[in-house]
Structures are given as C-alpha cells and as structure tokens.
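Next come the chains, spelled out residue by residue.
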Amino acid sequence: MDMVDSIRSTPVLPGLAPAAVVRGVSYAYGDGANRKVVLENVELVLDPGKFVVLTGHSGAGKTTLLTLIGAIRSLQNGYIDVLGVRLTNDSERQAREVRRRIGFIFQDHNLFGAISVFRTLWLTTELADMPLSRMEAMEKALGILKKLNMSEHLHAFPGELSTGQKQRIAVARALMNDPKLILGDEPTASLDHAASMLVVDLIKEHVLRNSASALIVTHDERIFDFADHIIRLEDGQMVLHK
Ligand SMILES: Nc1ncnc2c1ncn2[C@@H]1O[C@H](COP(=O)(O)OP(=O)(O)O)[C@@H](O)[C@H]1O
Ligand SMILES: [Mg+2]
C-alpha cells in the first residue's frame, strides 16, 4: 500500500471529493550549479474532514509545498487539484480562483499596517465574493475572534498588536471565507500553549463542521495529538507517520 492509499484507508465522508490531490510534484530552486531540488515526485491526497500535520526539518520543503498547494507559487512539474480546480505550470486564472477559496495562514502573518483588523477580515470575504453587509461581516468576525480571545481587538491596527496577536488575526482571516481547505504555515509558532490550543481547536472545529480539510505545518508535538495524519517531508519525499 503506498502512502496515498494508506492515508485514504481511514473512513472518509461518503460522496465528497478530496480537498486537494497532489500528483507527481517536483520543485527545484536555482539553475545550473545552483540548482537545488526541494520536492521530488510528491503525492498527497487530502480528504474532507481531516486535520493533517506536515512536519520535517527546517529547509525540508514544507513552505514550498504549502505555497504550491495554495497557488502562491507556480508549479514546475506535476499537477495539484485544489477544490476541484487544477493547478499546473500554466494556470494563473486557476491560481486566482484557488487563492480566493482557500484559507492560507502565512508564517509571517502578512497583515497590512494601514488596515484595521475588521477591515482585513471583511476584505477577505469581499475578495471571496461573499456579499456580507458591514453588520454581517462584523458578526462573523467577532464570532471567530471570540474563540481566539481576540474580540476586543476588532478595531485595532496590526502595529498595536503583539506578534502572537497578529498570528491569531492571520488565523481568523483564513477562516472568514468559510474555506473548504485551510493551509497553515506554523500557525502557532509565536503562541504560548493556551493560545496554540485555541488556534488548533478552532481549526479542528472548522474542519469537522464544514467537512473541510486542514494541512498544517508545525514542529509543535502538542498539535500532533490532534492530527488525523502526520506526514513528514524527508529528502524531498513524503513519509507517513500516522
Ligand atoms: N526563494 C528561494 N530561492 C532559493 N532557495 C530557496 C528559496 N526558498 C526556499 N529555498 C530553499 O529551499 C529549501 C526548502 O525551503 P522551505 O520550503 O522554506 O523549507 P521549510 O519550510 O521546510 O523550512 C531550503 O533549503 C531553502 O533554503
Ligand atoms: Mg517553512
């Protein structure tokens, strides 16, 4: 049984297509003597309702893979189907579609200093073509922020927030468009234990309630307990651990 089959051998919700299918994806940085292969023929299926942890040493290619699945980086080889949209090495229109529909939690938050927390969250729904009124957006934002202990910061600007608070806003933003796929790049890296657990609980709850999938890059072993599967990137390839 190869890894893709074994990852699928646990029961999935009937009739629902995978959130993401990665087939034959290789990736290299640089050219000539500087060429460095980071991913080699990676295969992965992310089924609905699953919380999957992606781990591996620093420089293993975790961020590279996550940004390929999230359509933030263009593919070189192979293809990735994300929520039914096929990404190849030539799919800018498809990439825009994927970016609107998924939730991506960047390692460095990626918040704009001049845009308030509420505007950031509302903007996410606008970009996803969700027609929410100001009141509706506020209600939705507060519902998410409350679960992250961040509701009092609804009208704050990023400069007024600590690193850990910014990270929680980045998590909230990734959930505003009701994504069927959440990609998180070390989303708890600057959080203490209590805040990390709030983030993991929130993502896990979203996954179960919406039959969504989450692929979360982390080194945090406390999060491993919450994972349906743990995958390790080693020498450019996937190794299934659980
Ligand atoms: N823009 C880039 N140009 C050249 N090499 C890069 C670039 N981004 C990442 N790399 C290299 O690719 C490898 C994988 O990086 P990355 O995907 O960020 O790993 P991880 O997230 O697992 O730490 C590392 O050796 C890194 O130095
Ligand atoms: Mg990384």
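Up top is the structure.
Residues numbered from 1 in each chain as written. Chains lettered and ligands numbered in written order. Predicted model: local features only at pLDDT ≥ 70, side-chain atom pairs only at ≥ 80, totals over all residues.

Caption draft 1: Region of the structure containing the sheet that holds strand β7 (residues 181-185). Strand order in the open sheet made by the six strands is β6-β7-β8-β3-β9-β10, with mixed pairing throughout. Sheet topology places β6 (103-105) and β10 (237-240) at the edges, where each strand pairs with a single neighbour. Put simply, the sheet's adjacent strands are angled 20° from each other on average, direction ignored. Pairing of β7 with strand β8 (residues 213-217), which is carried by five bridges, proceeds in the parallel orientation. For L181, the partnering residue across the bridge sits in β8 and is S213. This element, helix α7 (residues 193-210), spans β3 (51-55), β7 and β8 of the sheet and lies at about 155° to β8. (Pairing = 2+ DSSP bridges. Helix = DSSP H or I, 4+ residues; strand = E, 2+ residues; numbered from the N terminus. Axes fitted to C-alpha atoms, helices over the stretch in contact; angles between N-to-C directions. Contact = placed C-beta atoms within 7 Å.)

Caption draft 2: Region of the structure containing the site of ligand 1. If you check the shell around ligand 1, you find Y29, G30, V38, G56, S58, G59, A60, G61, K62, T63 and T64 and nothing else. Sort the elements by how many residues they give to the shell around ligand 1 and helix α2 (residues 62-69) lands first, with three residues. Residue composition of the shell around ligand 1, grouped by class: three nonpolar, seven polar and one charged. (Near = placed C-beta within 6 Å. Nonpolar A, V, L, I, M, F, W, Y, C, P; charged D, E, K, R; others polar.)

Caption draft 3: Representation of the pairing of strand β2 (residues 36-46) in the model. Bridge count between strand β1 (residues 20-29) and β2: seven bridges; the pairing is antiparallel. Bridge pairing links A28 to V37 in β2. Count of turn residues in the β1/β2 antiparallel hairpin: six residues, of which G30 carries a positive phi of about 75°.

Caption draft 4: Inspection of the nonpolar core at higher detail. If you look at the biggest cluster of nonpolar residues, it comprises 65 residues, and the most contacted ones within it are I69 and A172. Sorting elements by how many residues they give to this core places helix α6 (residues 163-175) first, with six residues. Setting aside anything within four residues of it in sequence, one finds I69 in contact with A20, V22, I80, V82, L183 and L215. (Core = buried A, V, L, I, M, F, W, Y, C linked by C-beta atoms within 7 Å. Buried ≥ 20, exposed ≤ 12 C-beta atoms within 10 Å, placed from the backbone.)

Caption draft 5: Seen up close, the pairing of strand β4 (residues 79-82). Along β4, the buried face is formed by I80 and V82; none of Y79 and D81, which line the opposite face, is buried. As judged from the four bridges shared by β1 and β4, these two strands associate in the antiparallel manner. Across the sheet, residue V21 finds its bridge partner in β4, namely D81. In the sheet, β4 pairs with strand β5 (residues 85-87) via three bridges, with the strands oriented antiparallel.

Caption draft 6: Representation of helix α5 (residues 134-147) within the structure. With 14 residues, α5 should cover 20 Å at 1.5 Å per step; its first-to-last C-alpha distance of 20 Å lies within 8% of that length. Every buried residue of α5 is accounted for by A137, K140, A141, I144 and L145. Buried residues of α5, seen end-on, are gathered within an arc of 130° and therefore sit on one face of the element. Exposed residues pointing more than 90 degrees away from the buried face of α5 are listed as M135, E139 and G143. On its buried face, α5 is in contact with α4 (117-127) and α6. Among the residues trailing α5, N149 stands out with phi positive, at a value near 60°. (Expected span 1.5 Å × (residues − 1). Arc of directions from axis to C-beta.)

Caption draft 7: Highlighting the sheet that holds β2. Strands sit in the order β2-β1-β4-β5 across an open sheet of four strands; the sheet is antiparallel. The open sheet has two free edges, formed respectively by β2 and β5, since each of these has just one partner strand. Across the sheet, the axes of successive neighbouring strands diverge by a mean angle of 25°, strand direction being ignored. Across the face of the sheet, α2 comes into contact with β1, β2 and β4 while running at roughly 125° to β1. Sitting on the sheet, helix α3 (residues 92-101) is in contact with β4 and β5, with an inclination near 125° to β5.

Caption draft 8: Spatial organisation of the packing of α4 against α5. Between α4 and α5, whose axes approach to 10 Å, the crossing angle comes to 110°. Here α4 lies roughly perpendicular to α5, going by the angle between them. Between α4 and α5 lies a crossing of right-handed hand. Residues F118, L121, W122 and T125 of α4 form the contact with α5, whose participating residues are A137, M138 and A141. In terms of residue class, the contact of α4 with α5 is made up of six nonpolar, one polar and no charged. (Parallel < 35°, antiparallel > 145°, perpendicular 65-115°, else oblique. Left-handed = near helix turned anticlockwise from the far one by under 90°.)

Caption draft 9: Here's a closer look at the packing of α6 against α7. Orientation of α6 relative to α7, taken along the N-to-C sense of each, is 5°, at an axis distance of 11 Å. By the criterion of interaxial angle, the relationship of α6 to α7 is roughly parallel. The residues of α7 that touch α6, namely those facing G164, R168, V171 and L175, are A195, V199, L202 and H206. Partitioned by chemical class, the residues of the contact of α6 with α7 number five nonpolar, two polar and one charged.

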